[in-house]
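# Structure assessment
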Amino acid sequence: MKIKHVALSLALAATGIASAHADRLVIKGSDTLGAKLVPQLAEQFKAQHPGTTFDIAAEGSTTGIAAIIDGTAQIGMSSRRAKTSEVGAAASKGKHMKPTIVAFDGIGVIVNSANPIKGLTKKQVEQIFTGDVTDWSAVGGSGGKISVYTRNTSSGTYSDFKELAMKKRDYAGGSQKMAGNEQIAAEVGKNPNGVGYVGMAYLKAGGTKAMPIDGALPSTKSVQAHSYPYWRPTFYYTNGDPSGLAKDFVDFTVGSGGQRIVAQVGFVPIK
Amino acid sequence: MKKLTLAAAALCVALGGTVARAQDAGALLDLLVKKRLISDQEAEEVRSELVKESASTAAGKWKLSAPITELELYGDVRLRYEYRGGRTPSEHTDNPNDWYERERERYRLRVGLRGTLADDWFFGIRLETSNSSRSTNVTFGADSPGPFSKGDDGIFVGQAYFGYTGFPDFKFTGGRMPQPLITTSMLWDDDINPEGLAEQWKHTFTFDLGGGGGEAVQSYSKEGYSKDGKAVVAHAAEPFKLKLDVFANFAQYVYDDTNPENPIGPRPTTTGNNTGNNQLVPQTDAFMMAWQIGARLTFPSSFYVQLAPTLYNYTGNGDSFNIHFVGGNPALSNTASLATNQTGINSLLVFDLPAEIGWKAWGLPMRIFGEFADNIEGHDRAHAAAELGGFDAHTGQHYAWMIGGALGQLKAKNDWEIRAWYQYAQQYALDPNLVDSDIFDDRVNQKGVAVKVGYMVADAISLNLTYAYSWRINGSLGTGGLGDIQVNPLDQYQIFQADMSVKF
């Protein structure tokens, strides 16, 4: 009897420890996902799963992928695909980078509201962000030295934009690197000559306006149809198929409840 | 849908080969998604699997820095047997009609990386055996200390350069580079990688001289028959096109720069001019300038003519080559003759005209090549040598020329080539520091013949046999230059080389 009691106590204690670990979800990575969307998803999830806590750090997609590789996060948020070198590094540590698409996004080009420019072509976007063109008059504006705002190198949006809009060419030498979408939107909103790029959820930031690219603005329809030129999937990366609390959260995100939040925040649902 | 996903994955792998990278299959996956055959998530899972496969292969682990757009690994290894020998003159003061001979087994290694970078830049590096400017060979058994040691098996930087091709028709190169000029072994040893800057321009004009057109007609000619013996339709006659390549190559080579230009204390002096008088050692660097323009006219049926007139001039005195050239003295002992200056670059202003005509006959490439060179300051060079050497000035000894022909070419397995030429180079015609090190042992004041026969055993393996024989032109002068044969004047010389090379 005494032995049974000890065993039961030990089992309960072990369950408690496991529960403590299972109730806490560490999510690291993309600022695009982690600044607004994932915190809102987390709030809704906590309401449905009392006792769950979240530890969310949004310092760029690269940090999210690295966190899966080194085991410091259960979910890595990323607005870009993992590179071959990252997949290789994961494999060498016995990890498998499993991607789950959680939302689509369209990277929008924004300029200051006072900028008279009505739209840009894909070629002009490339020229502006690579520094081939340095004055607004060259692209039909009223003149003024173009101030380019970009994300920093750990950002998935930085890599995606380079690939989608710049043919993998380097950013202009004078471009200013910002930590997140909100910072880019803030700077462009203050600078009449500013131009930058942000995810769809940040296109309505004050003082800025989105530029049609070859006549097309990012929309739910154009992004879901993949016809907008700068559309991209965004991901949760997990080590293999997610399990436990991570699986629950991933399932919630891609389910109807999570996708409603995705649309509310300004991203494009996956269905 | 799962089955379809697997089928798509299998298709991607099959199309991409064993090392199917996700980005190669990306377009296919995008198309399958667009056609709603698979979902975005399924495409992503397939892509992820492909990337994982690629990352596990050797090719997937290879990472190149972002600016590299193209990279090539290349090189060669060569084994050589060589005999070379030289004879002293019959009037030699110490050992008349004596032969100096060397037999050597040698190898060489050259391995390089060259490639292109973003924004029209390019680069190249090559490591080579031997620290000689005119050789990459290492002699087996010449090691110290002890057998098989690595004393002379060092690796040296043979080439390290980069350049820019962003302006149409132009190419700019800086560094230690492969020879950008059109040259032959009469003037330049082909192992030399000059150091400095080069600017190249080339433009191609195409002239359509009409002809061609009309309907194709049935032909019963030998070329027109198919294997089953039926007549086949011959190709319509092609228009007659001429291609003219016009080019200009300029180079500024750093020939001699032994720092410092301004040392602490008084300027050093030297008696290295063999006059016994002290002279200040010049401290200005020496540069070699090359000014080449030319054209190549190509006719249909592979007939071409090429001319590349060039002027070489030297500026500055240099630190190491400033003593006036003497080139040996037959009146002296062999040792003393060798000790006279062999490397001076005084009074060299060389006009060079290499020319070539090529065509194909019975499918066999053929060419005739020739070259003429004149040191316009040869008179001064002769006078300076005479003054320093204490002999009569032979001021007419400033011409060099060669003429030869070749059959075949070495490109692929079972190809062969025979090349033969006659070469004549007077004592004051050329820079003895640059002439070929094998054919006439780095020497001037030599005339003779050379024959090379080559055969491609496989696409990357070649066999070559070379024989050359030369003799002294002017019996009153030495044979200038620093050769392997320790004889000056070199009255008679011959060399035989058997090479086997693998090129990758």
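Relevant structure appears above.
Regarding its fold elements, chain B presents 6 helices and 22 strands. In chain B, buried positions account for 31% of the 504 residues. Contacts in chain B between residues at least 24 apart in sequence constitute 65% of all its contacts with a sequence separation of at least 6.

As a further point, take the nonpolar core. Residues L37(A) and F267(A) are the most contacted members of the largest nonpolar core, which totals 77 residues. Among all residues touching F267(A), those that are not within four sequence positions of it are L37(A), A103(A), F104(A), D105(A), M200(A), A201(A) and V262(A). If you look at the next biggest cluster of nonpolar residues, it comprises 46 residues, including L181(B), Y255(B), A382(B) and A429(B).

Once that is clear, we can look at the environment of T134(A). Residues and elements named next belong to chain A. Within the secondary structure, T134 sits in the loop between α6 (122-130) and β6 (147-151). Taking the C-alpha atoms as reference points, T134 and S147, 13 residues apart in sequence, are found 8.2 Å from one another. For T134, the contacting residues outside a window of four places in its chain are K145 and I146.

Let's shift gears to the sheet that holds strand β2 (residues 53-58) of chain A. Residue and element names in this part refer to chain A. Taken in spatial order, the 5 strands line up as β2-β1-β3-β10-β4 in an open sheet, and their pairing is mixed. Edge positions in the sheet fall to β2 and β4 (97-106), since each has one partner strand and no second. On average, each strand axis in the sheet is inclined to that of its neighbour by 20°, with strand direction left out of account. Two elements, strand β1 (residues 24-29) and β2, share 6 bridges in a ladder whose sense is parallel. Across the sheet, K28 pairs through a bridge with A57, a residue of β2. Helix α3 (residues 37-48) rests against β1, β2, β3 (75-78) and β4 of the sheet, and its axis sits at about 180° to β2.

As a further point, take the interface of chain A and chain B. Where interface size is given, it is often the accessible area lost as the parts come together that is meant. The interface is formed by 12 residues belonging to chain A together with 13 residues belonging to chain B. Looking at the side of chain A that touches chain B, the elements with two or more residues in it are α5 (84-92) and β4 of chain A. Here the side of chain A that touches chain B gets 5 residues from one element, more than from any other, and that element is α5(A). Residues belonging to the side of chain A that touches chain B are distributed by class as follows: 7 nonpolar, 4 polar and 1 charged.

Looking now at the sheet that holds strand β5 (residues 108-112) of chain A. Residues and elements named next belong to chain A. Taken in spatial order, the 5 strands line up as β7-β6-β8-β5-β9 in an open sheet, and their pairing is mixed. Lying at the two open borders of the sheet, with one neighbouring strand each, are β7 (176-178) and β9 (208-210). Each adjacent strand pair in this sheet contributes to an overall mean axis angle of 30°, direction not counted. Pairing geometry for β5 and β9, over 3 bridges, is antiparallel. Following the sheet pairing, V111 is matched in β9 by K209.

Residues and elements named next belong to chain B. Of the strand pairs in this sheet, strand β16 (residues 349-361) and strand β17 (residues 364-375) are connected by 12 bridges, and their pairing is antiparallel. Among the inter-strand pairings, D352 is bridged to a residue of β17, identified as A373. The hairpin turn running from β16 into β17, its antiparallel successor, is 2 residues long, and W362 in that turn takes a positive phi close to 50°. Pairing of β17 with strand β18 (residues 399-408), which is carried by 9 bridges, proceeds in the antiparallel orientation. The residue of β18 that forms the bridge with F372 is W401.

All names here are of chain B. Residue N488 is joined to P489 through a cis peptide bond whose omega torsion reads 10°. Non-glycine residue W362 carries a positive phi angle of around 50°. Position of W362 relative to the elements: it lies in the loop between β16 and β17. For N445, which is not glycine, the phi torsion reads 60° and is therefore positive. Relative to the helices and strands, N445 is located in the loop between β19 (416-425) and β20 (446-458). When the 30 C-beta atoms within 10 Å are taken as the criterion, N445 is described as buried.

What follows deals with the environment of I495(B). All names here are of chain B. Within the secondary structure, I495 sits in strand β22 (residues 492-503). Of the residues examined, I495 has 23 C-beta atoms within 10 Å and is grouped as buried. In contact with I495, other than residues within four places in its own chain, are E82, Y83, R84, D438 and A468.

Residue and element names in this part refer to chain A. Where helix α10 (residues 244-254) contacts helix α11 (residues 256-265), the axes come no closer than 4 Å and their chain directions differ by 60°. By the angle between their axes, α10 is oblique relative to α11. Contacts between α10 and α11 pair F252, T253 and V254 from the former with G257, G258 and Q259 from the latter.

Criteria and cut-off values
- Residues numbered from 1 in each chain as written.
- Chains lettered and ligands numbered in written order.
- Predicted model: local features only at pLDDT ≥ 70, side-chain atom pairs only at ≥ 80, totals over all residues.
- Helix = DSSP H or I, 4+ residues; strand = E, 2+ residues; numbered from the N terminus.
- Buried ≥ 20, exposed ≤ 12 C-beta atoms within 10 Å, placed from the backbone.
- Contact = placed C-beta atoms within 7 Å.
- Core = buried A, V, L, I, M, F, W, Y, C linked by C-beta atoms within 7 Å.
- Pairing = 2+ DSSP bridges.
- Axes fitted to C-alpha atoms, helices over the stretch in contact; angles between N-to-C directions.
- Nonpolar A, V, L, I, M, F, W, Y, C, P; charged D, E, K, R; others polar.
- Parallel < 35°, antiparallel > 145°, perpendicular 65-115°, else oblique.

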